[in-house]
Amino acid sequence: MNPLPLSGDAGSPTRYDTPTILLHWLTALLVVGLFALAEIWDALPRGTPTRKLLQSLHVSFGLLFAAVLVARIVWRLTAGRRLPRASGGIWGLAGSSMHVLLYVLMAAQVVLGFLFRWAQGEAFTFFGLFDVPTLIPIDREQRRAIGGLHDTVAWTIIVLAGCHALAGLAHHYWLKDGILRRMLPRR
């Protein structure tokens, strides 16, 4: 596989634009952080102040994640730079499919997060600055099912994002084709 040139002319860019790169890495940071918060509080006894604080932070960062995801999708559909597939054939299809699946799962996770919080009937605030109103009343009986789905989708995202990261590292260190550098800022 031939390495991609990373200093293409203005007519053939080889790196994503700065907003796309920033939104990608902010998304990655939020996904890992949200997952870590949930796993840490799950190990704490119920009702403790630390557990409640971590849950509150998870809700607030979850709202930030929702905003970043919407911005990322809007940017990608409007002004974001599109680059050719990193690979052709089945590997290119696999990479594109992974991206679509991650977007779908992240969007589903945002919806499930909102539904779960509304089903809990607890305050839904953004870092204590404002409350998010309940737009859809959810029966508290559905809380367990929605929470289970939220947890399953979270684990699925983490596993697939890990595979995505490993693929990027394999491209960089094994194939040496410059694919990872497309999503890194210029030095």
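Owing to the predicted nature of the structure, the values given are computational and were not obtained by experimental measurement.

(A) Expanded view of the pattern of salt bridges. Taken as a whole, this structure holds one salt bridge when the rule is applied. When the shortest N-O distance is used, the salt bridge between Arg117 and Glu122 registers 3.7 Å.

(B) Geometry of the packing of aromatic side chains. Per the stated rule, a full pass over the model turns up seven aromatic pairs. On the basis of an interplanar angle of 70° and a centroid distance of 5.6 Å, the ring pair of Phe114 and Trp118 is categorised as edge-to-face. Taken together, the residues Phe114 and Trp118, both in helix 3 (residues 89-120) and four residues apart, mark about one turn of the helix. Judged by its relative accessible area of 21%, Phe114 is partly exposed.

(C) Geometry of the environment of Leu57. Examined against the element boundaries, Leu57 turns out to sit in helix 2 (residues 49-77). The spatial distance from the C-alpha of Leu57 to the C-alpha of Ile138 is 22 Å, given a sequence separation of 81 residues. Beyond its immediate chain neighbours, meaning those up to four positions away, Leu57 contacts Leu37 and Phe127.

(D) Seen up close, the packing of helix 2 against helix 3. At a minimum axis separation of 10 Å, helix 2 and helix 3 run at an interaxial angle of 145°. In the packing of helix 2 onto helix 3, the handedness of the crossing is left-handed. Every residue of helix 3 that contacts helix 2 at Val59, Leu63, Phe65, Ala66, Leu69, Arg72, Ile73 and Arg76 is listed here: Tyr103, Met106, Ala107, Val110, Phe114 and Arg117. Grouping the constituent residues of the contact of helix 2 with helix 3 by class yields eleven nonpolar, no polar and three charged.

(E) Spatial organisation of the confidence of the model for the protein chain. The share of residues in the protein chain with pLDDT of 70 or more is 91%, and the mean pLDDT across the chain is 88. Taken as a whole, residues 1-10 scores under 50 in pLDDT and shows 17 contacts with residues more than four places along the chain or in a different chain.

Conventions and cut-offs
Residues numbered from 1 in each chain as written. Predicted model: local features only at pLDDT ≥ 70, side-chain atom pairs only at ≥ 80, totals over all residues. Heavy atoms only, no water. Salt bridge = Lys/Arg side-chain N within 4 Å of Asp/Glu carboxyl O. Phe/Tyr/Trp six-rings, centres within 6.5 Å; stacked < 30°, edge-to-face > 60°. Helix = DSSP H or I, 4+ residues; strand = E, 2+ residues; numbered from the N terminus. Buried < 20%, exposed > 50% of the residue type's maximum accessible area, 1.4 Å probe, protein only. Contact = heavy atoms within 4.5 Å. Axes fitted to C-alpha atoms, helices over the stretch in contact; angles between N-to-C directions. Left-handed = near helix turned anticlockwise from the far one by under 90°. Nonpolar A, V, L, I, M, F, W, Y, C, P; charged D, E, K, R; others polar. pLDDT = per-residue confidence, 0-100.

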